[in-house]
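Here is how the chains run, residue by residue.
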Amino acid sequence: MKPKIWIVACIAFLGSTLLAENVPDGARWWSYVEFLASDKLEGRNTGSEGHRQAAEFVAKQFEREGLTPAGEKGYIQPVKFNTLQLDESKSSLSLERNGKEQAMRLGEDAYIGTRVDPAPAVEAGLVFVGYGLRVPESDYDDFAGLDTRGKIAVYLGGGPSSMSSAIAAHYQSAGQRWATLKSAGMIGAVAIPNPHHMDIPWPRIASNRFQMTMQLAAPGMDETAGEQIAITWNPAHADELFGGSGHTFDELVTEAEAGKQLPRFALLAKLKAKTLVKRGQVESQNIAAIYPGSDPKLKSEYIVMSAHIDHLGIGNPINWDSIFNGAMDNASGVAAVLDVADHFKEANVKTKRSVLFVVVTGEEKGLLGSQYYASNPTVPAKSIVADINTDMFLPLYPLKILTVYGLDESSLGDDTRAVAQQMGIKVQPDPEPVRNVFIRSDQYNFVRRGIPSVKVDFGFERGSKEAAIEKKWLTERYHAPSDDVNQPVDKQAAGTFNLLVGRLIERVADAEARPAWKPNSFFRRYATN
Ligand SMILES: [Zn+2]
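What counts, and at which threshold
- Residues numbered from 1 in each chain as written.
- Predicted model: local features only at pLDDT ≥ 70, side-chain atom pairs only at ≥ 80, totals over all residues.
- Heavy atoms only, no water.
- Helix = DSSP H or I, 4+ residues; strand = E, 2+ residues; numbered from the N terminus.
- Buried < 20%, exposed > 50% of the residue type's maximum accessible area, 1.4 Å probe, protein only.
- Contact = heavy atoms within 4.5 Å.
- Donors = N, O, S within 2.8 Å, 3.2 Å for Na, K, Ca; no water.
- Tetrahedral: all angles 85-135°; square planar, octahedral: opposite > 155°, others 65-115°.
- Polar contact = N/O pair within 3.5 Å; in protein donor to acceptor, adjacent residues only side chain to side chain.
- Salt bridge = Lys/Arg side-chain N within 4 Å of Asp/Glu carboxyl O.
- Phe/Tyr/Trp six-rings, centres within 6.5 Å; stacked < 30°, edge-to-face > 60°.
- Core = buried A, V, L, I, M, F, W, Y, C linked by side-chain atoms within 4.5 Å.
- pLDDT = per-residue confidence, 0-100.
- Axes fitted to C-alpha atoms, helices over the stretch in contact; angles between N-to-C directions.
- Parallel < 35°, antiparallel > 145°, perpendicular 65-115°, else oblique.
- Left-handed = near helix turned anticlockwise from the far one by under 90°.
- Nonpolar A, V, L, I, M, F, W, Y, C, P; charged D, E, K, R; others polar.
- Pairing = 2+ DSSP bridges.

1. Some details on the overall build of the protein
Reasoning step 1: Across its full length, the protein holds 14 helices and 22 strands.
Reasoning step 2: Overall, the C-alpha framework of the protein stretches about 85 × 50 × 45 Å when taken along its three principal axes.
Reasoning step 3: The buried share among the 529 residues of the protein stands at 58%.
Reasoning step 4: Residue pairs at least 24 apart in sequence account for 84% of intrachain contacts in the protein once pairs closer than 6 positions are excluded.

2. Some thoughts on the coordination of the zinc ion
Reasoning step 1: Distances from the zinc ion to its protein donors, D329 (OD), E364 (OE), E364 (OE) and H479 (NE2), fall within 1.9 to 2.4 Å.
Reasoning step 2: Coordination at the zinc ion is irregular, judged from the 4 donor atoms that bind it and the angles of 57 to 143 degrees they form at the metal.

3. Here we look at the side chain of K272
Reasoning step 1: Relative to the helices and strands, K272 resides in strand 13 (residues 265–274).
Reasoning step 2: In terms of polar contacts, K272 uses its side chain to reach the side chain of E96, at 2.8 Å.
Reasoning step 3: Setting aside anything within four residues of it in sequence, one finds K272 in contact with S92, L93, S94, E96, E101, V122 and E123.

4. Some thoughts on the pattern of salt bridges
Reasoning step 1: Tallied over the full model, the rule gives 28 salt bridges.
Reasoning step 2: Note that E466 is salt-bridged to K465, the shortest N-O span being 4.0 Å.
Reasoning step 3: E466 gets classed as buried once you look at its relative accessible area, which sits at 15%.
Reasoning step 4: Among the charged side chains, a network of salt bridges with common partners joins R28, R64, D339, D342 and E346.

5. Brief notes about the packing of aromatic side chains
Reasoning step 1: Applying the stated criterion across every chain, the model contains 22 aromatic pairs.
Reasoning step 2: Seen from their ring centres, W29 and F393 are 6.0 Å apart, and the 50 degrees between their planes marks the pair as tilted. With a gap of 364 residues between them, W29 in helix 2 (residues 27–36) and F393 in the loop between strand 19 (384–389) and strand 20 (401–405) connect regions that are remote in the sequence. We note that W29, like F393, is buried.
Reasoning step 3: Note on Y397 and F458: the rings are 6.1 Å apart at their centroids and 70 degrees apart in plane angle, and the pair reads as edge-to-face. Of this pair, Y397 sits in the loop between strand 19 and strand 20 while F458 sits in strand 22 (residues 453–458); the two residues are 61 residues apart in sequence, bridging distant segments of the chain.

6. A word on the nonpolar core
Reasoning step 1: One finds W29, F62, I287, M328, F357, L402 and I505 to be the most contacted residues of the largest nonpolar core, which totals 79 residues.
Reasoning step 2: Among the elements that take part in this core, helix 9 (residues 327–346) stands out by supplying 11 residues, more than any other.
Reasoning step 3: The next biggest cluster of nonpolar side chains, apart from the first, holds 56 residues, and it includes I152, I167, I192 and L262.

7. So, the confidence of the model for the protein
Reasoning step 1: The pLDDT averaged across the protein works out to 92; a share of 95% of its residues lies at or above 70.
Reasoning step 2: Contacts for the low-pLDDT stretch residues 1–21, under 50 throughout, to residues beyond four places or in other chains number 1 contact.

8. Focus: the packing of helix 2 against helix 9
Reasoning step 1: At their nearest, the axes of helix 2 and helix 9 sit 8 Å apart, and the two run at 135 degrees to each other. Put simply, helix 2 runs oblique to helix 9. Crossing geometry of helix 2 relative to helix 9 is assigned as right-handed. Contacts between helix 2 and helix 9 involve R28, W29, W30, Y32, V33 and L36 from the first element and A327, M328, A331, S332, V334, A335, A336, L338, D339, D342, H343 and E346 from the second.
Reasoning step 2: By residue class, the composition of the contact of helix 2 with helix 9 is 12 nonpolar, 2 polar and 4 charged.

9. Re the packing of helix 3 (residues 49–64) against helix 9
Reasoning step 1: Between helix 3 and helix 9, whose axes approach to 10 Å, the crossing angle comes to 10 degrees. If you check the angle between helix 3 and helix 9, you find them roughly parallel. Seen from helix 3, the contacting residues are F57, V58, Q61, F62 and R64; seen from helix 9, they are V334, V337, L338 and D342.
Reasoning step 2: Of the residues in the contact of helix 3 with helix 9, the class split is 6 nonpolar, 1 polar and 2 charged.

10. Digging into the pairing of strand 19
Reasoning step 1: Burial within strand 19 is extensive, with 6 of its 6 residues counted as buried.
Reasoning step 2: Across 5 bridges, the pairing between strand 15 (residues 302–308) and strand 19 is parallel. Across the sheet, S306 pairs through a bridge with N389, a residue of strand 19.

11. Things to note about the sheet that holds strand 4 (residues 100–103)
Whenever strands of a sheet pair, they do so through backbone hydrogen bonds, lying parallel or antiparallel.
Reasoning step 1: Strands sit in the order 4-3-13-6-9-10-12-5 across an open sheet of 8 strands; the sheet is mixed. This sheet does not close on itself; its edge strands, each paired only once, are strand 4 and strand 5 (110–112). Adjacent strand axes in the sheet meet at a mean angle of 25 degrees, parallel and antiparallel pairs treated alike.
Reasoning step 2: Docked against the sheet, helix 8 (residues 249–257) engages strand 6 (121–128), strand 9 (152–156), strand 10 (188–192) and strand 13, running at close to 60 degrees with respect to strand 9.

12. Remarks on the side chain of T275
Reasoning step 1: Structurally, T275 is set in the loop between strand 13 and strand 14 (277–291).
Reasoning step 2: Within the structure, T275 has its side chain in polar contact with the backbone oxygen of A119 (distance 2.8 Å).
Reasoning step 3: Sequence-distant contacts of T275, defined by excluding residues within four places in its chain, comprise L86, K90, S91, I112, P118, A119, P120 and I229.

13. Considering unusual backbone geometry
Residues other than glycine predominantly adopt negative phi, and peptide bonds predominantly adopt the trans conformation.
Reasoning step 1: Look at the link from D329 to N330: it is a cis peptide, with omega at -5 degrees.
Reasoning step 2: Its identity is not glycine, yet L367 carries a phi of approximately 60 degrees, on the positive side.
Reasoning step 3: Along the chain, L367 falls in the loop between strand 18 (354–360) and helix 10 (368–375).
Reasoning step 4: Here the phi dihedral of M392 falls at roughly 55 degrees; this positive angle occurs in a residue that is not glycine.
Reasoning step 5: With respect to the helices, strands and loops of the structure, M392 is situated in the loop between strand 19 and strand 20.

14. Comments concerning the environment of L156
Reasoning step 1: Among the secondary structure elements, L156 is positioned in strand 9.
Reasoning step 2: On the accessibility criterion, L156 (1% relative accessible area) is buried.
Reasoning step 3: Beyond its immediate sequence surroundings of up to four residues, L156 is in contact with F128, G130, Y131, I192, P193, N194, F249, L252, V253, A256 and L262.

Written out as structure tokens, the structure is:
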């Protein structure tokens, strides 16, 4: 026992100097991750009991921290979903060429998605439309001169290098994509991922297709209403589509890697699909709480810190493990929210504006919880002045570089840079714009409401050992059961990250002016004030 007491005394002594220097060890953050990513919560699937328990846990922490409830039932904002699941045994996909029909293997050649509610039977010609983008502001049109009416679009993910990554990302969002195809008279889409930029290997993409998909049940929220079919094609088998067209998939990928506009042409094959969808309904939870500001006037404005709490639940086992714990994706971000809230409370931080902590559901189903929150905010919509989002920030090594998605879009980028520099941390913009991260997490629903937003992540230099660590993580653990609490994580680096986010929130909350879009930002178009 004695040595222990001695150690405690030592820690107490060290603790005072550490606290003075504000170097967190990440232990508290990790304790939250451990609970949220425990097997007991069964992967926190939207609408599940495990998710409900996770939401309850967050609400309890908010209560313990003395925050003001900002849900609809206390801290909770209930969200209703319609669920869809394809019965593959009663569904089929085939290509017909010169009157000869060839059955495709679902899961191997391609799969039929249910994010778009599929029509029971579809039969239509196919047109390869390059990247499938029509971007008036770049004077760019993949559909010009093509006969697309009543056809299904086949496109390669990505965009030409002549286009800014923000614009390319925006036009690749599900809603915008469908709006473009619809305006060209098309009825559905076949997406082929660029094999050089896939986050996860095809077998795992294919096995995730059995996940139940969801749509917000509230009317008017389905952004792909009217789309009859959405298929994802295995790039390794893409030549099945191109047979007889005079083009090969390899040739198209080579052009895309060179950043060029792609050729566009009609395909010989006609696509036939039959689908049977099982339907249901579930309710899930957003959780929201306010850390009140101190300025009589500015406290009615809110800085949002957001993170999604849902993950994939239980799925097909990989290495005998079927629970998708989602420790980094995104128990880590929710734990960061709680850690920042704890810090504000215990350090009695005074901010002029209020801070609104928003933990959302349904991210993995297509950013649905944040879409719902941004459409049904629990504070006046115009009083939300910023969103700082964290999603899978990946503290796998020391925090030397911070990647800021949206860095050059608004004054929030400048604030992030200033705070990071004070801590000796470098800041960089999105290093791989082709992965569309800026539109792939919850900040995008705030962006579309005109609210300046950033998403912050651990960064690395190209070709560095950190880059290799992240790449390996994405390949082996992203959306796999091994994203659990038994993986190596740099806890102290996570603690430093949370400290940085807390300081960023303070800086923005105390600034005289509310955050603003840069005059030349593409996303400024959504600004309402
Ligand atoms: Zn995810």
